[in-house]
Amino acid sequence: MNDEIYRAMSESVLEGETERAVKLANEAIQAGIDPLDAINLGFVPGVDQIGEQFSCGEAFLPQLVMAGETMKAALNTLEPEMAKQGLNRQLLGTVVLGTIVGDIHDIGKTLVGTMLTVAGFKVIDLGVDVPVMTLVETAREHQADIIGVSALLTTTMSNQRDVVEALEDLGMRPETKVMVGGAPVTREWAKEIGADGYSEDAVGAVAVARHLVGAG
Ligand code: B1M
């Protein structure tokens, strides 16, 4: 039923049409479409497609940048609606979140943060290109239950391991759990580096985080 709006959303990202994406996001809210469906069925297919075009040389960096900006504008529009759904939830725990050092991709990480907040976690989002020790020290300062580390590049994935190792060196394990994610990250990788949790997407990240704090 909503196929047409989803297709338009995907196209707006593909074409880097920020204003159109924001308009479509608002239309979706008005039509009572679940914001998460708008993201996953509408905007994400567009960003995936531009990523594929980029990897085979059919699209170039400026188009990737525009697609990213468009996706972010759409997310910013949908976020307040998602936050509303999480009002009055009981606090489940604290998560320190960031995209690992060397990596500036923030769309997926931000979505994970929003979903965790909606589910009832206090999320301290440190942004992108976050040094390992900033994650660890912030977790210590706030007595966080979980450090969530996102990586979108095969070259930055390895830095996720450093987070686990730093926590071990500082005697903060096993109390401080580590959850990893991001497009190139796999369950096998998470296991190999000794992370406690892995999720393929933002919805799954909530289930994993709940499990890690013993709430589900
Ligand atoms: Co970049 N980029 N990019 N990029 N970019 C990818 C990742 C790439 C796969 C594109 C490609 O070639 N097909 C490729 C990586 C190749 C590789 O290493 N395997 C790539 C490259 C090469 C690069 C540059 C090196 C390009 C260059 O400069 N030559 C450069 C790197 C810069 C850097 O970080 N140092 C670069 C730059 C950029 C932009 C800045 C232009 C822009 C980012 C804008 C922004 O984030 N503000 C960008 C974009 C948009 C992409 C693609 C197209 C889309 C990423 C995205 O936002 N996806 C991407 C191709 C792709 O993934 N399809 C690509 C949508 C988002 C909702 O999904 O982030 O996967 P995702 O998050 C998901 C899950 O992964 C998971 O849940 C999220 C929601 O469901 N998840 C977690 C994420 N984090 C999690 C954490 C968790 C749990 C789950 O727990 C803590």
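What you see is a predicted model, and the numbers here were worked out from it, not measured in a lab.

Calculation notes
Residues numbered from 1 in each chain as written. Predicted model: local features only at pLDDT ≥ 70, side-chain atom pairs only at ≥ 80, totals over all residues. Heavy atoms only, no water. Core = buried A, V, L, I, M, F, W, Y, C linked by side-chain atoms within 4.5 Å. Buried < 20%, exposed > 50% of the residue type's maximum accessible area, 1.4 Å probe, protein only. Contact = heavy atoms within 4.5 Å. Helix = DSSP H or I, 4+ residues; strand = E, 2+ residues; numbered from the N terminus. Pairing = 2+ DSSP bridges. Right-handed = clockwise from strand over helix to strand, strands pointing away. Near = heavy atom within 4 Å. Polar contact = N/O pair within 3.5 Å; in protein donor to acceptor, adjacent residues only side chain to side chain. 1 Å grid on protein atoms, 1.4 Å probe; cavity = no way out; pocket = protein on both sides within 12 Å on 5 of 7 lines; lining within 4 Å. Sits in = over half its atoms within 2 Å of the grid points. Nonpolar A, V, L, I, M, F, W, Y, C, P; charged D, E, K, R; others polar. Points joined across faces, edges and corners; volume = space filled by probe spheres on them. Axes fitted to C-alpha atoms, helices over the stretch in contact; angles between N-to-C directions.

Enquirer: Could you clarify how one ought to interpret the nonpolar core in this entry?
Expert: Soluble globular proteins: nonpolar side chains tend toward being buried together. Membership of the largest hydrophobic core comes to 41 residues, with the highest contact counts inside it found for Met9, Phe43, Leu116, Phe121 and Met179. Ignoring anything within four residues of it in the chain, the contact list for Met179 reads Leu116, Ile146, Ile147, Gly148, Val149, Gly197, Ala205, Val208, Ala209 and Leu212.

Enquirer: Just checking my understanding: could you explain the pairing of strand S4 (residues 177-181) for this structure?
Expert: Successive residues of a regular strand alternate their side chains across the two faces of the sheet. Of all five residues that make up S4, four are buried, and the element is covered over most of its length. Pairing analysis gives five bridges linking strand S3 (residues 146-150) to S4, with the strands arranged parallel. Residue Ser150 lies in a different strand from S4, and its bridge partner there is Gly181. Chirality of the crossover, the property in question, places the unit of S3, helix H7 (residues 154-169) and S4 among those that are right-handed. In terms of strand pairing, S4 meets strand S5 (residues 197-198) through two bridges, oriented parallel. Across the sheet, the residue bridging to Met179 is Gly197, located in S5.

Enquirer: Help me out: how do you make sense of the site of the ligand in this one?
Expert: Residues in contact with the ligand amount to 34 residues; listed here are only the nearest, Gly51, Ile104, His105, Asp106 and Ser150. One of the side-chain nitrogen or oxygen atoms of His105 is found 2.8 Å away from a nitrogen atom of the ligand. Here the ligand occupies the largest pocket. Grouping the amino acids of the shell around the ligand by side-chain chemistry returns 16 nonpolar, twelve polar and six charged.

Enquirer: I keep staring at the layout of surface pockets and nothing clicks. Help me out?
Expert: Over the atoms a probe the size of a water molecule is rolled, and this reveals where empty space is left. By volume, the largest pocket amounts to about 1,400 Å³. Lining the largest pocket are 42 residues, and of these His105, Ile107, Gly108, Leu152 and Ala183 sit closest to its centre. Listed by contribution, the elements that provide at least two residues to the lining of the largest pocket are helix H3 (35-55), helix H4 (61-85), helix H5 (107-119), S3, S4 and helix H9 (202-212). Tallying contributions element by element places H3 first for the lining of the largest pocket, with nine residues.

Enquirer: How should the environment of Val118 be read in this particular structure?
Expert: Checked against the element boundaries, Val118 lands in helix H5. Along the sequence, Val118 and Lys84 sit 34 residues apart, while their C-alpha atoms lie 7.9 Å from each other.

Enquirer: Mind showing me how you'd approach the sheet that holds strand S1 (residues 93-99) here?
Expert: Whenever strands of a sheet pair, they do so through backbone hydrogen bonds, lying parallel or antiparallel. Read from one edge to the other, the open sheet built from five strands follows the order S2-S1-S3-S4-S5, with strand pairing classed as parallel. The two strands at the open ends of the sheet, each matched to only one other strand, are strand S2 (121-125) and S5. Bridging between S1 and S2 involves five bridges; their strand directions are parallel. Looking across to S2, one finds that Leu97 is bridged to Asp125. In this fold H9 packs onto S2, S3, S4 and S5, with an angle of close to 170° to the strand it touches most, S4.

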